[in-house]
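Examining the three-dimensional arrangement
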Amino acid sequence: MEITNVNEYEAIAKEKLPKMVFDYYASGAEDQWTLQENRNAFSRILFRPRILIDVSKIDMTTTVLGFKISMPIMVAPTAMQKMAHPEGEYATARAASAAGTIMTLSSWATSSVEEVASTGPGIRFFQLYVYKDRNVVAQLVRRAERAGFKAIALTVDTPRLGRRESDIKNRFTLPPNLTLKNFEGLDLGKMDEANDSGLASYVAGQIDRTLSWKDVQWLQTITKLPILVKGVLTAEDARMAVQAGAAGIIVSNHGARQLDYVPATIIALEEVVKAAQGKIPVFLDGGVRRGTDVFKALALGASGIFIGRPVVFSLAAEGEAGVRKVLQMMREEFELTMALSGCTSLKEITRNHIITDWDAPQ
Ligand code: FMN
C-alpha cells in the first residue's frame, strides 16, 4: 500500500531491522516521557489560518548561515546509518542534496567525511562530539573543513550517554562489519561489547565530560567554520551561546535520548528565541513529522527544523528512495500548510498564525 506520511516508515523499519538496531534508532531515555511529549506537544498548538489570500505561488526557500536551501527542513545527524541500509550515509547525502537541503553528518557515522563528500555536491554540516583527546578533535574538524563541510554542529547535551534501557537489555554495540569511519585511522572506530550498552561505555571512555563554554571558544581557535550549538533548552544557555560566539542555536533534546523529563523542544523553543534576540538564528529538532509541525516551529520563531528518526526509518525501508520520499512528503505537507493558512513565503509566517495552550485567552 502506498506510503502517505512520514510516520509510516517506523513500522516498516521495525519489521525489517534486527531488534537491536531498531530499538537503538527508536528509543528514548528511561521512561521515554520526553519522547512522547516531543510529539504530543505539537498537538497543543492550533492554527489561526488567514483566508482569501492569493496562494497560487508559494516560496519555501530560505537561507541558513548564508546558504540557500529549497525549504526550511533539514537532516539531523543520526549515528551509524549503515545499520539501516548498506548505503547508509551516502544514500542520505544524495537524498538531501537532491531535495536541495542540508544534511548534517554525525561524528559517529559509518561513512567518513571524505566518503560522504565524494557522493557529489551538496551543502553539508558536520556534527561534532568532543573527545578527551583534543588532537583527535582538531584532526577531524580539519578533515571536515577540507571535505567541504560548511558548519560544525557542536553537540552539548552528551557529556555522558543517556540511559536508554533497550540498549542496555540488548547489549547494543556496533555490528562487527561496520566502524565509526571517521575514527578508523585514529584507533577509535570500534565499539567494545559491554555488560550494558556498548555505546554508553564508549562514550564514558572517550567523550570529554569536562566540556564547557570555554571549549566553544577553543573550537573557534581551531576552525573558521561557523558553530551551531546543538542541545540548548533554556533562555540562560541561549544567552551564553550568543556570548560564546555561536553562529546559531539548535533547540534539541537529542530526540529525547539524553535527559528524560525535559520539555518538548517545541515548548522550549519560544524562550530560546526570545533570549537570542534575533542576534543568531535558532533551529529546532525533535518530533517533527508533519508539514504542520514545521509551520508551528517557524511560527514560534525557528529559522528551520531538522528531522532525525524519519531518515533512519525510511533508509531502512527503501534506502535513498525512502529518504527522498520523506523529504518530498515533508515538503509537500509544509507547502500545503502554508497555502491553507494564507502564507506565501516564510517571512509571512507569524506568531499570530497559531495559538498555543500556554497563550493567554484572547
Ligand atoms: N545527535 C547528535 O548530535 N549526534 C549523533 O550522532 C546522533 N545520533 C542519533 C542517532 C539516532 C538513531 C537518533 C534517533 C538521534 C540521534 N541524534 C544524534 C539526535 C538527532 O540529531 C536529533 O536531535 C533527533 O533525532 C531529533 O529528533 P527526531 O528523531 O524526533 O526527529
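As a reminder, the structure under discussion sits directly above these lines.
Every residue gets a number counted from 1 within its own chain, in the order that chain's sequence is written. With pLDDT at 70 or above as the cut-off, local features in this predicted model cover only qualifying residues; side-chain atom pairs require 80 or more to be listed or tallied, and sums for whole chains, interfaces and linings still use all residues. To get the side-chain values, take all heavy atoms of the structure and skip hydrogens and water.

1. Overview of the packing of helix α4 (residues 88–98) against helix α13 (residues 309–341)
Put simply, the rule reads: Fitted lines through C-alpha atoms give the axes, limited to the stretch in contact for helices. The angle between two N-to-C directions lies from 0 to 180 degrees. Working definition: helices are DSSP H or I runs of at least four residues, strands are E runs of at least two. Numbering for both runs from the N terminus. In these notes the angle categories are as follows: under 35 degrees is roughly parallel, over 145 is roughly antiparallel, 65 to 115 is roughly perpendicular, and the rest is oblique. Crossings are sorted by hand: turned counterclockwise from the far helix by less than a right angle, the near helix makes the crossing left-handed, and turned clockwise it makes it right-handed. Contact between two residues is taken to exist if any of their heavy atoms lie within 4.5 Å; hydrogens are not considered. Throughout this entry, Asp, Glu, Lys and Arg are counted as charged residues, while Ala, Val, Leu, Ile, Met, Phe, Trp, Tyr, Cys and Pro are counted as nonpolar. The remaining residues, Gly among them, count as polar.
Direction vectors running N to C along α4 and α13 enclose 20 degrees, while the axes themselves pass 8 Å from each other. Relative to α13, the element α4 lies roughly parallel. α13 is crossed by α4, and the crossing has left-handed handedness. Mapping the contact onto sequence places Gly-88, Ala-91, Thr-92, Arg-94, Ala-95, Ala-96 and Ala-98 in α4 and Val-311, Leu-315, Gly-319, Glu-320, Val-323, Arg-324 and Leu-327 in α13. Along the lines of polarity and charge, the residues of the contact of α4 with α13 split into eight nonpolar, three polar and three charged.

2. Structural notes on the site of the ligand
The cut-off we apply is this: Throughout, near means a residue has at least one heavy atom within 4 Å of the molecule or strand. Two N or O atoms form a polar contact when they lie within 3.5 Å of each other; inside protein one atom must be a possible hydrogen donor and the other a possible acceptor, and for residues adjacent in sequence the pair counts only when both atoms belong to side chains. Residue exposure ignores everything except the shown protein chains as possible cover, and the areas themselves are Shrake-Rupley values with a 1.4 Å probe.
Near the ligand lie 22 residues; those nearest to it are Pro-77, Ser-106, Thr-155, Asp-285 and Arg-289. Contact distances for the ligand include 3.0 Å between a nitrogen atom and a side-chain N or O atom of Lys-230. When the free accessible area of the ligand is taken as 600 Å², the share hidden by the protein chains comes to 99%. Residues that form the shell around the ligand fall into these classes: seven nonpolar, 10 polar and five charged.

3. Some remarks on the pattern of salt bridges
We count it as follows: For salt bridges, the criterion is a side-chain nitrogen of Lys or Arg within 4 Å of an Asp or Glu carboxyl oxygen. Each residue gets one of three labels from its accessible area relative to the maximum for its type: buried under 20%, exposed over 50%, partly exposed in between, using a 1.4 Å probe on protein chains only.
Tallied over the entire structure, the rule returns 16 salt bridges. Its salt-bridge partner being Glu-2, residue Lys-325 comes within 4.0 Å of it at the nearest N-O pair. Here Glu-2 lies in the segment before α1 (8–16) and Lys-325 lies in helix α13, a separation of 323 residues in the sequence. Classification of Glu-2 by relative accessible area gives exposed; the value is 63%. With a shortest N-O distance of 2.5 Å, Arg-351 and Glu-270 are connected by a salt bridge. In this pair, Arg-351 sits in the loop between α13 and β12 (354–356) while Glu-270 sits in helix α11 (residues 265–276), placing the two residues 81 residues apart along the sequence. Assessed through its relative accessible area of 24%, Arg-351 is described here as partly exposed. Of the residues examined, Glu-270 reaches a relative accessible area of 14% and is grouped as buried. Through salt bridges with shared partners, a single network forms among Glu-87, Arg-94, Glu-320 and Arg-324.

These figures come from the coordinates and say nothing about function on their own.
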